[in-house]
Amino acid sequence: QVQLVESGGGLVQTGGFLRLSCAATGPVFKIERAAWYHQAPGEQRDMVATITSDSTTNYADSVKGRFTISRDITKNTMYLQMNSLKPEDTGIYYCSAVVHSTRGDVFPHWGQGTQVTVSS
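> I'd love a proper account of the pattern of salt bridges, names of residues and values included.
Counted by the stated rule, this structure contains two salt bridges. The shortest N-O distance in the salt bridge between D61 and K64 comes to 3.1 Å. Given the relative accessible area of 65%, D61 is considered exposed. Linking R66 and D89 is a salt bridge whose minimum nitrogen-to-oxygen distance equals 2.8 Å. Note that R66 is positioned in the loop between β6 (57-59) and β7 (67-72) and D89 in the loop between β8 (77-82) and β9 (91-101), a separation of 23 residues in sequence. With respect to class, R66 is no different from D89; both count as buried.

Have a look at this one:
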């Protein structure tokens with residue numbers, strides 16, 4: 001079945017950078033709108049960035065100018081480049097995407113999450 005597999009999290013100092021990846025595996029035909037979400041400890045999951053099938057992007061105010069969402073259609077992979085990281089960026093990052101499978105079905109999917117920790 002279709003799965004979203006995330007990677008790239010880790011521990012970084014304030015002002016540092018990380019690049020998260022989210023690869024769609026399995027019988028993937030096409031990926032529509034994709035997004036990254038952030039869940040800080042004890043908080044709800046909030047949208048960070050979205051990208052549509054025509055590569056239109058949208059960002060939460062808290063990350064504008066620091067984070068960049070992108071996609072590589074040939075690899076069925078989405079990315080989140082995170083620069084100028086702050087301690088409040090700490091948390092689990094999840095990717096989500098609406099995926100058309102080669103079997104003809106369309107479902108939203110979530111990745112397993114990847115931990116990002118920004119030390120002060």
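The structure having been displayed, the exposition proceeds.
> Could you give an account of the side chain of S101, naming the residues involved and the relevant values?
Residue placement: S101 occurs in strand β9. Classification of S101 by relative accessible area gives buried; the value is 5%. Within the structure, S101 has its side chain in polar contact with the backbone nitrogen of R103 (distance 3.1 Å). Aside from chain neighbours lying at most four places away, what touches S101 is V2, P27 and F29.

> Run through the packing of aromatic side chains, naming residues and quoting values.
Counted by the stated rule, this structure contains one aromatic pair. Pairing Y37 with W110 gives two aromatic rings, centres 4.9 Å apart and planes at 50°, and the pair type is tilted. In this pair, Y37 is assigned in strand β4 (residues 28-39) and W110 in strand β10 (residues 106-110), connecting sequence segments 73 residues apart. Among the residues examined, Y37 registers a relative accessible area of 16% and is labelled buried. Under the relative-accessibility criterion, W110 is labelled partly exposed at 43%. One cation-aromatic arrangement involves R45 over W110; the distance from NZ or CZ to the ring centre is 4.8 Å.

Conventions and cut-offs
Residues numbered from 1 in each chain as written. Predicted model: local features only at pLDDT ≥ 70, side-chain atom pairs only at ≥ 80, totals over all residues. Heavy atoms only, no water. Salt bridge = Lys/Arg side-chain N within 4 Å of Asp/Glu carboxyl O. Buried < 20%, exposed > 50% of the residue type's maximum accessible area, 1.4 Å probe, protein only. Helix = DSSP H or I, 4+ residues; strand = E, 2+ residues; numbered from the N terminus. Polar contact = N/O pair within 3.5 Å; in protein donor to acceptor, adjacent residues only side chain to side chain. Contact = heavy atoms within 4.5 Å. Phe/Tyr/Trp six-rings, centres within 6.5 Å; stacked < 30°, edge-to-face > 60°. Lys NZ or Arg CZ within 6 Å of the ring centre and 35° of its normal.

Purely geometric numbers; function is a separate question.
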